[in-house]
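Working through the structure, step by step
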6 protein chains.
Amino acid sequence: MKGKKILVISAHAADYVWRAGGTIAKYLKHGGEVKVAVLSYGVRGESNDLWNSEGATAESVKEIRSQETRAAAKILGLSDIDFWDLDDYPMPLDAGHEDRMVRVIRALQPDIIISHDKFDVLNPDHNRVSDFALRCSIMSNSNGVRIEGTKTTKQMRLFGFEPHQTELSGYVPGSFIDITEVYEQKVQAMKCFKAQGHLIEYYTQRAFMRGNHAQRISGNKAYKYAESFANFFPVVGDELY
Amino acid sequence: MKGKKILVISAHAADYVWRAGGTIAKYLKHGGEVKVAVLSYGVRGESNDLWNSEGATAESVKEIRSQETRAAAKILGLSDIDFWDLDDYPMPLDAGHEDRMVRVIRALQPDIIISHDKFDVLNPDHNRVSDFALRCSIMSNSNGVRIEGTKTTKQMRLFGFEPHQTELSGYVPGSFIDITEVYEQKVQAMKCFKAQGHLIEYYTQRAFMRGNHAQRISGNKAYKYAESFANFFPVVGDELY
Amino acid sequence: MKGKKILVISAHAADYVWRAGGTIAKYLKHGGEVKVAVLSYGVRGESNDLWNSEGATAESVKEIRSQETRAAAKILGLSDIDFWDLDDYPMPLDAGHEDRMVRVIRALQPDIIISHDKFDVLNPDHNRVSDFALRCSIMSNSNGVRIEGTKTTKQMRLFGFEPHQTELSGYVPGSFIDITEVYEQKVQAMKCFKAQGHLIEYYTQRAFMRGNHAQRISGNKAYKYAESFANFFPVVGDELY
Amino acid sequence: MKGKKILVISAHAADYVWRAGGTIAKYLKHGGEVKVAVLSYGVRGESNDLWNSEGATAESVKEIRSQETRAAAKILGLSDIDFWDLDDYPMPLDAGHEDRMVRVIRALQPDIIISHDKFDVLNPDHNRVSDFALRCSIMSNSNGVRIEGTKTTKQMRLFGFEPHQTELSGYVPGSFIDITEVYEQKVQAMKCFKAQGHLIEYYTQRAFMRGNHAQRISGNKAYKYAESFANFFPVVGDELY
Amino acid sequence: MKGKKILVISAHAADYVWRAGGTIAKYLKHGGEVKVAVLSYGVRGESNDLWNSEGATAESVKEIRSQETRAAAKILGLSDIDFWDLDDYPMPLDAGHEDRMVRVIRALQPDIIISHDKFDVLNPDHNRVSDFALRCSIMSNSNGVRIEGTKTTKQMRLFGFEPHQTELSGYVPGSFIDITEVYEQKVQAMKCFKAQGHLIEYYTQRAFMRGNHAQRISGNKAYKYAESFANFFPVVGDELY
Amino acid sequence: MKGKKILVISAHAADYVWRAGGTIAKYLKHGGEVKVAVLSYGVRGESNDLWNSEGATAESVKEIRSQETRAAAKILGLSDIDFWDLDDYPMPLDAGHEDRMVRVIRALQPDIIISHDKFDVLNPDHNRVSDFALRCSIMSNSNGVRIEGTKTTKQMRLFGFEPHQTELSGYVPGSFIDITEVYEQKVQAMKCFKAQGHLIEYYTQRAFMRGNHAQRISGNKAYKYAESFANFFPVVGDELY
């Protein structure tokens, strides 16, 4: 993991924590470099409970979401978050945003991009961001996409987050990452999102279940907790993993 | 690759050469251990041209196939082949064969099993062997499958060969192995099958195409020739590959 | 059915009659509440024969379509139709239309939304409306989508119309509704669309075939005519249906 | 649920408890009739931990499995279990077994059959039993399958159990059953299988996750725990569920 | 069509009439050669209504089925039917049957084989015969499958019948054959099966619907009635059809 | 092929040569009429190597691409190319472009449209153009899409190009066209694209592989080189191909 550079593209403020918080913490712990682009605060689509507070406004919700996600990032050991502050539900993503994302990708030259998987039946923003991330990664690789001061990338690996209801979204795990050693960090990071207690319980249990799956298909009993990701591309290299 | 143990289960005498010869040679070169089980000589289903020789008999065809595949194995550096000498077209596989294969698997305790992928539209034997290999690997893992003198395995990785017409067979590559350094060995091994010149050309070109694909999705221009395999299970471990 | 509220979102003026006319009539007959939003009159995409009349203009075609669909609605017992009068072929659907549809959904608070299924190989408008309906239903559920004077919904059931050529569109029926008791009403309602005799015959026969299917998989011989729908979500509740 | 008759066909002794224990208890509680056919004790494929006891034999393992599953059944309120005591791993199912199962089905005349879903990547017995259950249900419906003393059935509903690793097995939930009111019974029943503590935790958490899913797609917050099933056939009837 | 040789492999006595009667009649009318192999009389699985006659026995049912299918064949202009008289529900197909079918295929040297499509959710015999037909066609092509007095074939085209409930069986039409000119013959042939009035109506309407589909995707209004088939292989040749 | 009219819609300047050059040359040779619409010069997405020349600008790259593609067209015998000169990576396609394409389609009244297949995992422009081509073909057929001076078409056949990495893009060949007689022309045409030597080798080998596939599934040994295409619609007509 040492020296590997990862870009995480998160539609809303907490998506990267629920779905990849353990993997992020693990890479950071072992010398990886991780940058997260948070495209929106999820004020409209990911803050249901916050709006139940009396007097809640878009600004007050955004402020809370911002504080929560910064606190979570800190616990994960993550110092590099880029808040785009776009609208959500729906999330508009045009050629200007593509240009901006290509700049981000080319500046980091990531080995890996993690974003939303191809389809989430319950979240139209996730679908747009998934397509946006793939599109921008391909544009970054293209030598003809000329942007002053940027350097063409080579094709990086792409991975997709688990959606909330996996089977209804056609999600198939391609990679399990053992997060046992950073599990407590992930749990603490999730707890920053105070108004979403049900999701904390949900993703705690999911880590256990994915750990069970990882154990079962590897025979390795040290895997207690895991996160899974969809593989956008085949594995390429010297060995069969 | 060093120390990794691989079992290759090949329906007919030459399947393992066309589809995995480079990967076998590479693992052997780098200290891996590879055993191949050849279930049949492919006398009925994989020896079309040999039958065109005047006076060909099942015995004469089998003899040629045996010599060819031994010669190919030698070039790949492979010393451990287990010839089952079953009938083919159709290939009968019953509980006795399952018992035998479980013994083979448990004796080797492989990290990896490579066999035919789930579906080959043009070869009914391949389909049976694919299912047989998966079934036997799972039985090997089961502590309750008691066979005197064997030791239960833990779940090994399973990979599927490319079928001849991939898209018609629903084949999706999950792993590309760079075989550039052993490419010449594979070509020489393929040339042992004298009556199948068209397949030699075919699999030579396929190695080039898979090399091109590997290059394109990794950005690594050193990948000139590759073999691809289907992944039966997700990747499990510490890193995203 | 009593007390159940249904919103039908129909891309063109007659879609709701061909594909859900029987189901609408049945719910209305048994005390359900049904509202239909007709997004366009289908002047460009669904009025081929009307344009063959001498002197036909967009206005004259629209007028006929409007009269026909109102007559059909009356026969079905349907009093609540909302005509959006959008263009069709192509149908533009932007954030303004999303806002409008969220208001419609929140005003009705439907138990069920019926609209076009995910893919129709022969009709690009249907595909856009399918995605639009799903998107808007999810936005309606989100507490953070703040629209003055509206009340957040809970997740309603979504069902998709049969497309014209089902197998080419990947359509899989998830629910069959027995429309035997309202079959005559549906036939009469279809006959309002005078210029589309071939569709009347087509959907008459389809009702028979779906009735045959319903009979076959339930063993209930009382099912003579049926309509089928795709299920966007699993069935949830106390019983296995 | 009152008066509904359900036949559960379970490959191994505990499958019906992990995957459908809550649904069975619920139907029984509300006046349903449930019969379970347990095709094998799972001595070879489902008793890994029991074989770790010193001196374990096929007979001793079978005896424990039998006691455990009878205890679990009692907790669920289930009095009608039919033990076929077949071998497992592999499970042989021939024309004689088909005849026997057709007799079972025709004797009960079930409204619903629940068995294994179409594919379980990690369990070859489950796959055979799934196909066997579907095949026998269709033969039971056929008037020409003449068996003395039996009466042809009409087509019953078929549902498939969740496999252990759902996404790798192509499983898609078609129905969620709320098991909140019988959840404690299911937990107690699972605890009868003393040597399988990890599965108890696993299926406890799965009940929570399926409850969360059921809640999310219905808006009904009373759903705390659920079981899910695959639908072999569409829903047929008067209403959209 | 002139000079083209077609082998139709029909699981039960009437399958070839419902699903391919029009296509058979058309090829015969235009100088094609058609042979039908009827593997069973369908006494158990396809004769529900005949068993309702008082005193029906396997022999009496078989006799009626035999007469009906011969009458239908005559109307279609078909003189070459080969009755295998196998059991059905279930239909046993072993290596001996493979040998027999390879002889049939090699004797005829067909350009086209039509049989059941890959999956029929409601008929286990159809699934077995589909796999059997594909398997035997591949064996016939293999030079190493030595059968005295037979001559190896070249790969023929394979097509699959429509199953009764297409979408539930994953059926996708690959070819529509216009049967307008022989439609009356097909209707008369179907009427030979006196006890199956509901199927006559069903397949009459299906011919109309497939005619409508054929018209719609070709723009050719002369197509009034059609049959559709699944394509096992891509089209190969000089032109795009 | 004589008299058949084909419209090829190519996202970038060279797509039509790599993927359909042989088929175009063959139709032209045998009296077909072929028109190609090249939507962009591929300056940003398809000209990686050209940008490596010192001093390259969008204009200089475009100029080279224009000359290369005109030279290639000439070799193929193609005189009718329509350059739209749109931007690429991303390619904007709005209602104005739909109107323009409908005019092109209606002016030519093609029997066949060939464009990009439904999904190309590595090229977002290809995906947009695929959807655009399908959409415009359907609008062209619709009598209500009134454009002064145009005449409604009847439904033409649609075929999709092979994407570069077929299996990752879900591509399934539906038609193989034997290009043996025009193979040399295609090779020469490809050589016009001087900066893309690796693609020339790649598509040369692909022609060989597709020839091998065509041979294998037809038994016709005269097929040495082939191109394959996806079928958007079933084959419709008098014969089974």
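On a predicted model such as this, the values are computed, not experimentally measured, just so you know. (Residues numbered from 1 in each chain as written. Chains lettered and ligands numbered in written order. Predicted model: local features only at pLDDT ≥ 70, side-chain atom pairs only at ≥ 80, totals over all residues. Heavy atoms only, no water.)

1. Observations regarding the overall build of chain A
The helix and strand tally for chain A stands at six helices and eight strands. Reading the helices (α) and strands (β) of chain A from amino to carboxyl end gives β-α-β-α-β-α-β-α-β-β-α-α-β-β. For a compact globule of 241 residues, the expected C-alpha radius of gyration is about 18 Å, and chain A comes in at 17 Å, within 12% of that figure. Overall, chain A is about 55 × 50 × 35 Å in size when its C-alpha atoms are taken along their principal axes. Taken over 241 residues, chain A has a buried fraction of 66%. Relative to all contacts within chain A whose residues are 6 or more apart in sequence, the contacts with residues 24 or more apart total 79%. Only carbon and sulfur atoms are counted for the fraction: they give 49% of the accessible area of chain A, which is about 8,100 Å². (Helix = DSSP H or I, 4+ residues; strand = E, 2+ residues; numbered from the N terminus. Rg over C-alpha atoms; globule rule 2.2 N^0.38 Å. Buried < 20%, exposed > 50% of the residue type's maximum accessible area, 1.4 Å probe, protein only. Contact = heavy atoms within 4.5 Å. Areas by Shrake-Rupley, 256 points an atom, 1.4 Å probe, with all protein chains shown as cover.)

2. Considerations on the sheet that holds strand β6 (residues 175–178) of chain F
Strand order in the open sheet formed by eight strands is β8(E)-β6(F)-β7(F)-β5(F)-β4(F)-β1(F)-β2(F)-β3(F), and the pairing between neighbours is mixed. Taken across any chain shown, the strands that pair with only one partner, and hence form the sheet edges, are β8 (235–237) of chain E together with β3 (81–86) of chain F. On average, adjacent strands in this sheet sit at an angle of 25° to one another, irrespective of strand direction. Sheet analysis places strand β4 (residues 112–116) of chain F next to strand β5 (residues 157–161) of chain F, joined by five bridges and oriented parallel. Bridge pairing in β5 of chain F links S115 of chain F to G160 of chain F. Contacting β8 of chain E together with β6 and β7 (226–231) of chain F, helix α6 (residues 197–218) of chain F runs over the sheet at an angle of about 75° to β7 of chain F. (Pairing = 2+ DSSP bridges. Axes fitted to C-alpha atoms, helices over the stretch in contact; angles between N-to-C directions.)

3. What to know about the side chain of S175 of chain F
Within the secondary structure, S175 of chain F is located in strand β6. Only 2.8 Å separates the side chain of S175 of chain F from the side chain of N231 of chain F, close enough to count as a polar contact. What S175 of chain F contacts, discounting residues up to four positions off in sequence, is P234, V235 and L240 of chain E together with F159, E227, S228, F229 and N231 of chain F. (Polar contact = N/O pair within 3.5 Å; in protein donor to acceptor, adjacent residues only side chain to side chain.)

4. A few points about the relation of the copies chain F and chain A
In screw terms, the move from chain F to chain A is a rotation of 120° and a rise of 0.0 Å along the axis, fitting with an RMSD of 0.0 Å. In short, the pair behaves as if placed about a three-fold rotation axis. Rotation axis and chain F: the residue whose C-alpha lies nearest the axis is D94 of chain F, separated from it by 8.0 Å. (Least-squares fit on C-alpha atoms with pLDDT ≥ 70 in both.)

5. Side note on the packing of aromatic side chains
Tallied over the entire structure, the rule returns 39 aromatic pairs over all chains. Between the aromatic rings of Y183 of chain C and Y225 of chain C, the centroid separation amounts to 3.6 Å while the plane-to-plane angle is 0°, which identifies the pairing as stacked. In this pair, Y183 of chain C is assigned in helix α5 (residues 183–190) and Y225 of chain C in the loop between α6 (197–218) and β7 (226–231), connecting sequence segments 42 residues apart. A residue is classified by how much of its surface remains accessible, and Y183 of chain C, at 10% relative accessible area, is buried. You can call Y225 of chain C partly exposed: its relative accessible area is 23%. Here the aromatic rings of Y41 of chain E and F83 of chain E are separated by 5.2 Å at their centres, their planes lie at 10°, and the arrangement is stacked. Of this pair, Y41 of chain E sits in the loop between β2 (33–40) and α2 (58–76) while F83 of chain E sits in strand β3 (residues 81–86), and the two are 42 residues apart along the sequence. Each member of the pair, Y41 of chain E together with F83 of chain E, is buried. (Phe/Tyr/Trp six-rings, centres within 6.5 Å; stacked < 30°, edge-to-face > 60°.)

6. Focus: the pattern of salt bridges
Applying the stated criterion across every chain, the model contains 96 salt bridges over all chains. The shortest N-O distance in the salt bridge between D131 of chain B and R135 of chain B comes to 2.8 Å. Here the residue D131 of chain B and the residue R135 of chain B both occupy positions in helix α4 (residues 124–141), the gap between them amounting to four residues, near one helical turn. Three or more residues are tied together by salt bridges with common partners; here these are K26, K29 and E181 of chain A together with D238 of chain B. (Salt bridge = Lys/Arg side-chain N within 4 Å of Asp/Glu carboxyl O.)

7. A few points about the interface of chain A and chain B
Between chain A and chain B, the contact holds 33 residues from the first and 33 residues from the second. Three residues, I217, L240 and Y241 of chain A, lead the burial of chain A against chain B; their summed loss comes to 25% of the area buried on that side. At the junction of chain A and chain B, the tally comes to four salt bridges. Ionic pairing is found between K4 of chain A and E239 of chain B, a salt bridge with its closest N-O pair at 3.8 Å. (Buried area = accessible area lost by both parts, 1.4 Å probe.)

8. Some thoughts on the pairing of β4 of chain F
All names here are of chain F. Among the five residues in β4, five count as buried, and that is most of the element. Note: strand β1 (residues 5–10) against β4, three bridges, orientation parallel. Each residue of the ladder has a partner; that of V8, found in β4, is I114.

9. Focus: the relation of the copies chain A and chain B
Mapping chain A onto chain B leaves a residual RMSD of 0.0 Å; the transformation is a rotation of 180° accompanied by 0.0 Å of translation along its axis. Classification of the inter-copy transformation places it as that of a two-fold axis. For chain A, the residue whose C-alpha comes nearest the rotation axis is Y241 of chain A, separated from it by 4.1 Å.

10. Description of the interface of chain F and chain A
On the chain A side, the residues contacting the 14 residues of chain F number 14 residues. Here chain F meets chain A over a buried area of about 1,200 Å², counting both sides, of which 66% is carbon and sulfur. Broken down residue by residue, the surface that chain F buries against chain A is led by R44, W51 and Y89 of chain F, which jointly contribute 37%. Here chain F is connected to chain A by zero salt bridges. Remark: the boundary between chain F and chain A carries five residue pairs in polar contact (both at pLDDT 80 or more). Broken down by class, the residue content of the side of chain F that touches chain A amounts to eight nonpolar, four polar and two charged. (Nonpolar A, V, L, I, M, F, W, Y, C, P; charged D, E, K, R; others polar.)

11. Here's the deal with helix α4 (residues 124–141) of chain E
Residue and element names in this part refer to chain E. Here α4 is 18 residues long and its end C-alpha atoms lie 27 Å apart, about the 26 Å a rise of 1.5 Å per residue gives. Counted residue by residue, α4 has 15 buried out of 18 residues, so it is predominantly covered. Where α4 begins, the capping side chain belongs to N123, and its oxygen is found 3.2 Å from the backbone nitrogen of D125. (Expected span 1.5 Å × (residues − 1).)

12. Let's talk about unusual backbone geometry
Cis geometry is adopted by the peptide bond preceding P90 of chain B, which originates at Y89 of chain B and carries an omega value of 0°. With respect to the element layout, P90 of chain B can be found in the loop between β3 (81–86) and α3 (95–108). A positive phi angle, close to 55°, is found at D85 of chain E, a residue other than glycine. In the Ramachandran plot, Y89 of chain E falls in the positive-phi region, its phi being about 50° despite a non-glycine side chain. Here Y89 of chain E shows up in the loop between β3 and α3 (95–108).

13. Structural notes on the confidence of the model for chain A
In the predicted model, chain A carries a mean pLDDT of 96, and 100% of its residues have values of at least 70. For this predicted complex, the interface score ipTM comes out at 0.94, alongside a pTM of 0.97. (pLDDT = per-residue confidence, 0-100.)

14. A closer look at the sheet that holds strand β2 (residues 33–40) of chain A
With mixed pairing, the eight strands of this open sheet are ordered in space as β3(A)-β2(A)-β1(A)-β4(A)-β5(A)-β7(A)-β6(A)-β8(B). The open sheet terminates on both sides in strands that have one partner only, identified here as β3 (81–86) of chain A together with β8 (235–237) of chain B. In this sheet, adjacent strand axes meet at a mean angle of 25° when their direction is disregarded. The sheet contact formed by strand β6 (residues 175–178) of chain A and strand β7 (residues 226–231) of chain A spans four bridges and is antiparallel. Across the sheet, the residue bridging to D178 of chain A is A226 of chain A, located in β7 of chain A. Running over the sheet, helix α4 (residues 124–141) of chain A touches β1 (5–10), β2, β3, β4 (112–116) and β5 (157–161) of chain A and is turned about 160° from β4 of chain A. The strands touched by helix α6 (residues 197–218) of chain A within the sheet are β6 and β7 of chain A together with β8 of chain B, with β7 of chain A carrying the most contacts at an inclination of about 75°.

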